[in-house]
Structure formats: C-alpha cells, structure tokens
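Commentary on secondary and tertiary structure
Listed here are the chains, written in short residue letters.
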Amino acid sequence: MTEALLETEAAPETGALLDIADLTLRVPGAARPLLDSVSLSVAPGEVVALVGESGSGKSTTAKAALGLFPPGSTASGSVRFDGTEVLGLTGERLRAHRARSVALIHQDPRAALNPVRRVGDFLVERGATRSSAVELLASVGLPDPERRVRQRPHELSGGMLQRVVIAGALAARPRLLLADEATSALDVTTQADILALLRGLRAEHGLGLLFITHDLHLAAAYCDRVYVMYAGRVVESRTAKALFTTPAHPYTRGLLSCSPTLDTHTPLHPIPGRPPSLTDTFTGCPFTTRCDQAQPTCETWHPEPVRLPDGGTAACVAVTAVGSRAAGRHGWAQPQADGTVKNGATHE
Amino acid sequence: MPLRLLRRLTGVLATLLAASFVIFAAVYAAPGDPAVFLAGGRDKLTPERLAQVRAEYHLDEPLFVQYGRWLWDCLHLDLGRSFKYSDQVADLVAARFPTTLQLVLYATVLFVVLGVGAGVLAAVKRSTWVDSAVVGATTLAASVPSFVAAIALVSLFGVRLGWFPVTGGGSGFLDTVRHLTLPALSLALGALAIVSRVTRQAMADAAASDHVEAARASGVPERDIVRRHVLRNALGPIVTMCGLVMAGMLAGTVVVETAFGLSGIGSLLVGAINTHDFPVAQAVLLLMVTGYIVVTTLVDAVHPLLDPRVKGAAG
C-alpha cells in the first residue's frame, strides 16, 4: 500500500528523533496529494507545534510517524525515526515501532477508548502491568487511581479520560509523543493542567513532543518551534518567538489576525474564503485565492520553502522578492498608528 | 433494580396472556369440528349424540368462557386431557419435549460455532476470496430447504458413509448426540447464513470505530484487536440474532423431526392439529411461545453484561 522510494540509510546528521523529508502522500480519488513535500523534524526533548486549519494535513503528517496511512494511499519521501525508515516497516517491525517508539494522544479520548473495556485493560494493552497501571494513572494526576483502573470510560469525565489516554501513551515509555489536539476539547483549567503535565513529562523523560493544534497562540506560547500547514504543505516553519513576532507567510499572518486579543489596536481579520478541499487543484500557490497580497506570479509559482535569515522557512513568493528585509517584517509586530500598514514584507 | 425486574416480569406475563388468547382462539377458529371426531366419526352421528359430546367437553359454551376455563386450569398446572389419547396433556408433552429441546440446543451449538466462526473469518478476511466463499456457501446452505438438506445428509453420512444413524432418538448422552447430529445439522444449516452475515456486518461496524484505529496505532497485536475490540464490541447484535434464531427453531423442528423419525413436540403438534386435539395443540403452542419469550428475555438480560453503558442508561 505504501512504498518507500528512498531506501533505508544511516541516520541524518541532524540527530533528530523524527525526521520527515519531502513526504508526499496520494490517495486514489483525490485531485491533489493529501501531503505535498512535507518536511519536518523533532529533536529529543523538543516541543514542536504543527498548526493549521482542519484538513490541512496536520493529523495525517503526525500519523505518518507511526507508519499509519489512509487505506490505499501511496507515500513517497522519507519518514525516519531515530535513523530507521518508517515507510519501509511492515508486519511485526511496524507493530513494534508503534508499540514502543512513538505514541499518539488522540484528539477525542472518549472515542479512543473502547467503551466496553476497563481503564486498566486499556493501559495493560499498551504495555503497562496491573500495578504500573495504577502508578501511571497517579503520575498523570488522576485521583483515586486504584478505583479508576476498574472503571469503564463512561464513568469518567472528559478531562479524566484525557489523562487516561496520556497515561496509555506513556505506558510503553515512548521517545516521541504525538499530541493530536490533545487539549482542544477540554476546559481551560484542565487544558492548563494537561499542558503542564506534558511539559513536565518531556523534561523528565527527554521526550520529543509533536503538538498538533489549530490554536496558533497556544502553539507559540507552548512550543519551541512551529510548523504552519496549509492544503497539505508546510507553508512556514519558524521558532515560536519568530513566528509570533515576524510571521513571514500571509497565511500565518492571517491566522494570527483571526484570534481576538485584548489589544484594541488590532481588529479581527478573518481570512476570506474557506480551506481548500481534496477536490481543489492548484497551478501555483494554494493560498492565492484567499491571499490579500496575491500577485500575478502567485498563480503559477510553485511553492518552495524559502530560507529566512533567522533559520526558518516560508513558502511564499513575496518572501523571495523581499529577501532579507527582516526589519521590514518586524513592522508587523508593532502596528502602525494608522493601522493600515500591517505588513512590511510586501508594502515597500 | 427490583422495580426494573418487576417491570420486565409484568411485561413477560402480559405477553404470555396475549399469546395464550391468540393461541386458544386460533385453534378454536381452525376448520373442522372436534366434536365430530370425539363422537367417533360421521357415520353413526346423530344430532343428539353431537350435542351430548359438545356438552361433555364444554364445546357448546362461548369462546370466552371456554378460554377462561382453560386459562384457569392452566394456572393450576392442569393442561387437560388429550381428546385423542385420553392421557394427561402434561404427560404427553413431557415425554416429547426433551427430544426437541436436545435437538434445538444441539443445533444452536452448531450454528453458533459454525456461523459466528464463518462470520469472523469473513470479517477478518474482508473483501478477499475467503469473504466471498463464506458468503456464497452460507447463502447456498440457507437456500436449501431443511427437508432436502436432511435427505442429502442422510444419503451421504447415514447411508453411504454409515457414520451416523438415520432415524430415532437414541439413549444415553453419546448415543443421543450421535443420533441427533444429522437432524441438528440440517436444522442449523439455514441459520448459518443469517448468523454469519450478522457477525460479519457487526464486526465490520465495530472495526470502523476510532478506538480500533487507536489500538492499532498503539501497536496492539492484530489478534488482540480482533478478539478484544472488534468481536467483543460486536457481540450485542450477534447474541441477539443467535437468541432469536434459536427461539424460532423451537417452533420449527417439525420437518426435521418427521424426516428423521424423531418423536418431539413438532410432530406432536402436527398430529394434534390434524386430529382436532385442542388441548394438546394449545399446550404445545403455549410451550413454544413460552420458550420464545424465555429465550428473548434472557438475551435482553445478558445485554448489560455485554455493554456496560446499557445498565447506566436504564438506571
């Protein structure tokens, strides 16, 4: 079903835990690839965010780290975990990779747990023993763990279940955690608890954490680096601080303008249009139709990641045109008095 | 909990009461006059003799009075006497019922093991030639009438190979099993298609759940996923369907009993209907309905064990 075009070789010199390079994923019946030339890396102990609207390919990218692809899909490129090519794994080796190296924390804990089985069974199935299951539940801050292991999912609240799912992800002592909207469904206090818990676990065990969210502000505040995805592509990859202060891609700027802040100087600017579906195809940049700075060349320019002076990348033709005008982009972070010039990159 | 039990019990009793009236009225409305039969045939029949017989057996009273009398007797565990054999109906039924019960239980074991097994196989090997073969074979088995299957089984395993006896009920456990194998098999064949199809579909639905994908993403072995997540969660529809099919079999043994010369309640019922033996026919039908209700009630009672959420919802 999936084929690795690049053969297994030695680990890349970066020392990354997870290294996805040029991953393209096609499914039959879709007009465009699900993922298009996605490159992404997570180092041990690093928290990396993956941000984008629904359907941008965030979850698909994360699941690729598990060797989990949609049925019938063909993958090209490479997904390396600690030097091992995941795309080439099959059968027992793939199962062992999923069971030991990488763990996924699901978006909806109630759906991720079998309703008819006990919480303890869920943990034991993922590598815990009966006694370590109780310790695991205690370690993720679940009160009364001895009782919880005998309970069934419908007897627990959403926040409790999210902790159970995290405990399940930790049961096998993985080296990389994939948190797929792990806190999106929770109320803020529980969300803060879970985020602190994940951060603590990362520090304690040296885990790599790939944090998938649609909340760019949360990503910037919580993570070391951020990848922004749009229509199956990585459109911008920056350190969290740089992304928040000097977003380079119009889509990232659009996402930041969508979120309300207390700062009254920055009115809300929803991105016009809607995210592209799998039936939409593009001759040039996929964001052109929704971009307020689109140029005629955007229609035909095939997006390529352009290296920025601070080490990040952005896939926008405007970035090439401006080159290293980092100072100009800084203008975005400090809104002008008249509020019209919001972006130094294209307003010369 | 006691309230729910009481409610369920009341429901069962109400169903039984309604069923008993329908049974009584249906047998009463059947063509032919039992009094003619009781008087010993039409030849030397006089109106006076007919009236005398009617009065003797209370056949001259209105339907509701007869029903009330019968129900009252039933509640006192008196099912009456057979018109034909003059024996106690209870004794007649008690002598015939074990054979039918054994036959149905044996057939149930067969169709549960083979049907669920085939369904699991088809679900695991979905969209492969195994899946098509299971669906095709079970459909073929279901489309063959049970008396044809009985004849085929008898000629192959009974006559040609000589593995199993072709008639009679046998005595002792092993001998009974040997005697009932072919009848139970021909009874179970028709159920295989339903049970395997329901199993396959229920497992396909369960396999589409998010928690199955989550388990797979966590590297849970495929064998455990099929057993503990897919089959375990599909048990609800499977158990319901097996219960219904088994309950239906209680009333459908007559063809197989006749084909294999077994004296069960199926052949008793047909004989009773042909000879206008009201008390026997009513008692056998009532027993069949009771069996059906008992089985379906048991299936209902098992559901909270299969899905703990059911218990919570019924509260």
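Our subject is the structure that appears above.
Summarised in this report is the structure supplied together with it. (Residues numbered from 1 in each chain as written. Chains lettered and ligands numbered in written order. Predicted model: local features only at pLDDT ≥ 70, side-chain atom pairs only at ≥ 80, totals over all residues. Heavy atoms only, no water.)

Some details on the side chain of His229 of chain B
Within the secondary structure, His229 of chain B is located in helix α10 (residues 222-250). Here Asn114 of chain A takes part through its side chain, which lies 3.2 Å from a polar atom of the side chain of His229 of chain B. There is a polar contact of 3.4 Å between the side chain of His229 of chain B and the side chain of His211 of chain B. His229 of chain B has contacts with Asn114, Arg117 and Glu125 of chain A together with His211, Val212, Ala215 and Asp224 of chain B, leaving out every residue within four places of it along the chain. (Helix = DSSP H or I, 4+ residues; strand = E, 2+ residues; numbered from the N terminus. Polar contact = N/O pair within 3.5 Å; in protein donor to acceptor, adjacent residues only side chain to side chain. Contact = heavy atoms within 4.5 Å.)

Here we look at the pairing of strand β8 (residues 208-213) of chain A
All names here are of chain A. Most of β8 is tucked away: six of the six residues are buried. Where burial is concerned, the two faces of β8 agree: the one with Gly208, Leu210 and Ile212 and the one with Leu209, Phe211 and Thr213 are both buried. As paired strands, strand β3 (residues 47-51) and β8 are joined by five bridges and run parallel to one another. Paired with Val47 across the two strands is Leu209, which belongs to β8. Direction of pairing for strand β7 (residues 176-180) relative to β8: parallel, over a ladder of five bridges. From the neighbouring strand, Leu177 faces β8, where its bridge partner is Leu209. Once you follow β7 into helix α8 (residues 188-205) and on to β8, the crossover reads as right-handed. (Buried < 20%, exposed > 50% of the residue type's maximum accessible area, 1.4 Å probe, protein only. Pairing = 2+ DSSP bridges. Right-handed = clockwise from strand over helix to strand, strands pointing away.)

Some thoughts on the packing of aromatic side chains
Residue and element names in this part refer to chain B. Inspection of every chain in the model, using the stated rule, returns ten aromatic pairs over all chains. Ring geometry for Phe21 versus Phe64: centroids 5.5 Å apart, planes at 20°, classification stacked. Note that Phe21 is positioned in helix α1 (residues 2-29) and Phe64 in helix α4 (residues 63-75), a separation of 43 residues in sequence. Take Phe21: its relative accessible area is 26%, and that puts it in the partly exposed class. Between Phe24 and Trp70, the aromatic rings sit 5.3 Å apart at their centres with planes inclined by 35°, giving tilted as the arrangement. (Phe/Tyr/Trp six-rings, centres within 6.5 Å; stacked < 30°, edge-to-face > 60°.)

Some details on the environment of Thr99 of chain B
All names here are of chain B. Inspection of the secondary structure assignment puts Thr99 in helix α5 (residues 89-124). Placed 166 residues apart in sequence, Thr99 and Ile265 show a C-alpha to C-alpha distance of 8.0 Å. If we skip the residues at most four places from it in the chain, Thr99 touches Leu262, Ser263 and Gly264.

Quick look at empty space enclosed by the protein
Applying the stated criterion across every chain yields a total of five cavities of 30 Å³ or more. What lines the largest cavity is a set of 15 residues, and nearest its centre among them are Ala103, Arg126, Gly168 and Ala169 of chain A together with Ser218 of chain B. Every element with two or more residues in the lining of the largest cavity is listed here: α2 (91-100), β6 (102-105) and α7 (158-171) of chain A. Taken together, the residues of the lining of the largest cavity sort by class into ten nonpolar, three polar and two charged. (1 Å grid on protein atoms, 1.4 Å probe; cavity = no way out; pocket = protein on both sides within 12 Å on 5 of 7 lines; lining within 4 Å. Points joined across faces, edges and corners; volume = space filled by probe spheres on them. Nonpolar A, V, L, I, M, F, W, Y, C, P; charged D, E, K, R; others polar.)

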